[in-house]
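Spelled out from the first residue to the last, the chains are:
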2 protein chains.
Amino acid sequence: MPQLRKDPILKQWVIISPERGKRPHDFRLETEQIDDPETCPFCEGHEGLTPLETMAFRKAGTALNQPGWWVRVIPDRDPILVPTGDTGREGIGMFDAMNAIGIHEVVVETPSHTQTLQTVPLDQVREVIWTYKQRMLDIKKNPRFKHLMIVKNSGRSVSNFSHSHSHIVATPIIPKRIEEEIDGAREYYHYHDRCIFCDIIKQELDQPGRIIYQDAYFVAFCPFASRFPFEVMIIPKTHQPFFEAIDNDHVHGFAQILQITLKKMQALLANLPYNFIIHTSPCSDSYRDFFHWHLELIPKLTQVAGFEWGSGFYINPLPPEDAAQFLRDAVI
Amino acid sequence: MPQLRKDPILKQWVIISPERGKRPHDFRLETEQIDDPETCPFCEGHEGLTPLETMAFRKAGTALNQPGWWVRVIPDRDPILVPTGDTGREGIGMFDAMNAIGIHEVVVETPSHTQTLQTVPLDQVREVIWTYKQRMLDIKKNPRFKHLMIVKNSGRSVSNFSHSHSHIVATPIIPKRIEEEIDGAREYYHYHDRCIFCDIIKQELDQPGRIIYQDAYFVAFCPFASRFPFEVMIIPKTHQPFFEAIDNDHVHGFAQILQITLKKMQALLANLPYNFIIHTSPCSDSYRDFFHWHLELIPKLTQVAGFEWGSGFYINPLPPEDAAQFLRDAVI
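Please read these numbers as outputs of a predicted model, since none were measured by experiment.

What am I meant to see in the overall build of chain A here?
Scanning chain A for helices and strands turns up six helices and 15 strands. In terms of C-alpha radius of gyration, chain A reaches 20 Å, essentially the compact-globule figure of 20 Å for 332 residues. C-alpha atoms of chain A, sized along the principal axes, occupy 60 × 50 × 40 Å. Within chain A, the proportion of its 332 residues that are buried is 49%. Within chain A, contacts between residues separated by at least 24 positions form 70% of all contacts whose residues are at least 6 apart in sequence.

Shown next, in the form of structure tokens:
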């Protein structure tokens, strides 16, 4: 019988439908298309095809916007938010609007056109994480931005570029999904005086059927009320509200668990398109007791139909316990 | 400059990005695939390929589960919720689960394999609406179901069958998206003692730039904070919480505005896949002052990327004022 499960933070019900009995080979994946490297703006040597870099890790003695970098950050050429101008908050009758002021940057994760976060040396993943941290700390100095996100769309079906990259987005409002997590986490905190994320981690570790991988610092697991097959959460084991406050040990741990998870995912489902997003506390310090940063990884395997859109309640044909088992067993 | 707009009910911010300057011809649509009629379970004469019908409008003298019907309702062969058994609500540590008890039926909207809600005679659309009403009133007699929805997925990219059909889904919980509408509408009602939907209708009618079509009973418009290009809301002009209480005049009006809107949409974008969902008040009477039934129509034109999933904030490359203008001008 299908089961309804409730996400304890978002209070979202999900239908877990084992009768639909999906297994990894049931998901058809297309061969990944690689862009033409001649015209790729993210390749080393093509720095002139992008806006001027905002930062880069580069070899001593190399010049800005020239080859010699190993991670490079540039403003998005077609930004969803623009950095200059007034927020211009206004009421239009009963409606509210403002200018879409914000930051939208691209982190080019490797100079190589074909390497990915799965295939680069682990050290390179760490460098990407240090880049996220450094840019976020810098952007946070501007008090107009209320929230920061790291978003990665991997695969040509979800991204315009095949060259490995991610996005940093700073917004003048707290996005709805983060507000929802805050609301759920705050309510739980008021009731229990504990972080709901910390309690979820404890329960998952006590009954490890949904755990994919863990070490001293992090755990990766398939959430109890996973909306999608092979949905994964990666979260630090100790309470940490701000991703951008990540320390050296956690950068190492996070790089390792992220790469292991992505490798396992690709071992199971070659050419899998996926998104990940890092949820960190809003910039204000007032959420620090109950917000706990984490990464959400969503493989793009299923089409979201009208039912999900219109109802906000999802049908997952693969129980997270099975997904975790497949991922635990995947040999990398 | 892109604009951030807030949905007054859901409190969801949307980026309206006119710079992205999408026009109808920018959206590439694939030619619609038609299933093989020989194996279609929804075609007249193939009644034996489906579960036994729960109702049908059929010619006098024809037998159940035989030809002679013009609208037919059957249980879904692969239901997302199952009708029998106990709800079995339980706590699993801090998590909540229950059996996915519910109703999942399919409304076959026409005996014809190739007709659609756009191409059938208007009278047939009315018959479909009468069918929705009759089934919903019947299902509501079971007090285990807290909420009912009508969902339509049209187009082979969003549905398993090309034969025109829709779904009736009854759930033992109120779906999250409906809870969100209730929360927003209740808060507004407590503040203003007015229905927020009624106030939105008034404002849209006063400044008709987003109106597509209206008559004495209904209005169709592109919402101020549309998440998707050509997103449409169709809503009765007077306050009505329950779709299933629809009267004769409103059945006629609703059939007409729905068919006109779909015809305009297809005139602009041939073979457009779309979803629609009818949001009606939960079964309990306690929402009647502030919940106002409506239909949400979402064309499937854009791929939802990681940013939207992870943040709950959407990027719409086509301002709803432009979308409404295109739809108003579309000749049918």
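Now that the structure has been shown, we can carry on.
Even after reading the chapter, I still don't get the interface of chain B and chain A, so can you show me in this structure?
Size of an interface: often given as the accessible area lost when the parts come together. Between chain B and chain A, the contact holds 54 residues from the first and 54 residues from the second. The class makeup of the residues in the side of chain B that touches chain A is 30 nonpolar, 14 polar and 10 charged. Bridge analysis of strand S6 (residues 95–99) of chain A against strand S1 (residues 3–6) of chain B gives four bridges, and the strand direction is antiparallel. Of the residues in S1(B), the one forming a bridge with Asn99(A) is Gln3(B).

How should I be thinking about the packing of helix H1 (residues 122–139) of chain B against helix H4 (residues 248–268) of chain B in this particular structure?
The description of two helices packed together rests on the angle between their axes and the distance between the axes. Residue and element names in this part refer to chain B. Here H1 crosses H4 at 120°, and the two axes come no closer than 9 Å. For the element pair H1 / H4, the angle class is oblique. Pair H1 / H4 crosses with right-handed handedness. Taken together, the residues of H4 that come into contact with H1 (itself represented by Leu122, Val125, Arg126, Ile129 and Trp130) are Val251, His252, Phe254, Ala255, Gln256, Leu258 and Gln259. Its residues assigned to classes, the contact of H1 with H4 comprises eight nonpolar, three polar and one charged.

Rules used throughout
Counting starts from 1 at the beginning of each chain's written sequence and moves along it residue by residue. For naming, the first written chain is A and the first written ligand is 1, with later ones following in the order written. Reporting in this predicted model follows two pLDDT cut-offs: at least 70 for local features of residues, and 80 or more for side-chain atom pairs to be given and counted; totals over whole chains, interfaces and linings ignore these cut-offs and use all residues. Numbering of helices and strands runs from the N terminus; a helix is a DSSP stretch of H or I covering at least four residues, while a strand is a stretch of E covering at least two. The globule rule used for comparison is 2.2 Å times the number of residues to the exponent 0.38, while the radius of gyration itself is calculated over C-alpha atoms. Here a residue counts as buried when 20 or more other C-beta atoms fall within 10 Å of its C-beta, as exposed when 12 or fewer do, and as partly exposed in between; the C-beta atoms come from the backbone. We call two residues in contact if the C-beta atoms placed from their backbones are at most 7 Å apart. Each residue gets one of three labels, nonpolar for Ala, Val, Leu, Ile, Met, Phe, Trp, Tyr, Cys and Pro, charged for Asp, Glu, Lys and Arg, and polar for the others, Gly among them. Criterion used throughout: strands pair if DSSP finds at least two bridges between them. Axes, fitted as lines to C-alpha atoms, cover a helix only where it is in contact. Angles between the N-to-C directions of the axes lie from 0 to 180 degrees. By the definition adopted for this analysis, an angle is roughly parallel if under 35 degrees, roughly antiparallel if over 145, roughly perpendicular if from 65 to 115, and oblique otherwise. By definition, any crossing whose near helix is turned counterclockwise from its far helix by less than a right angle is left-handed, and any crossing with a clockwise turn is right-handed.

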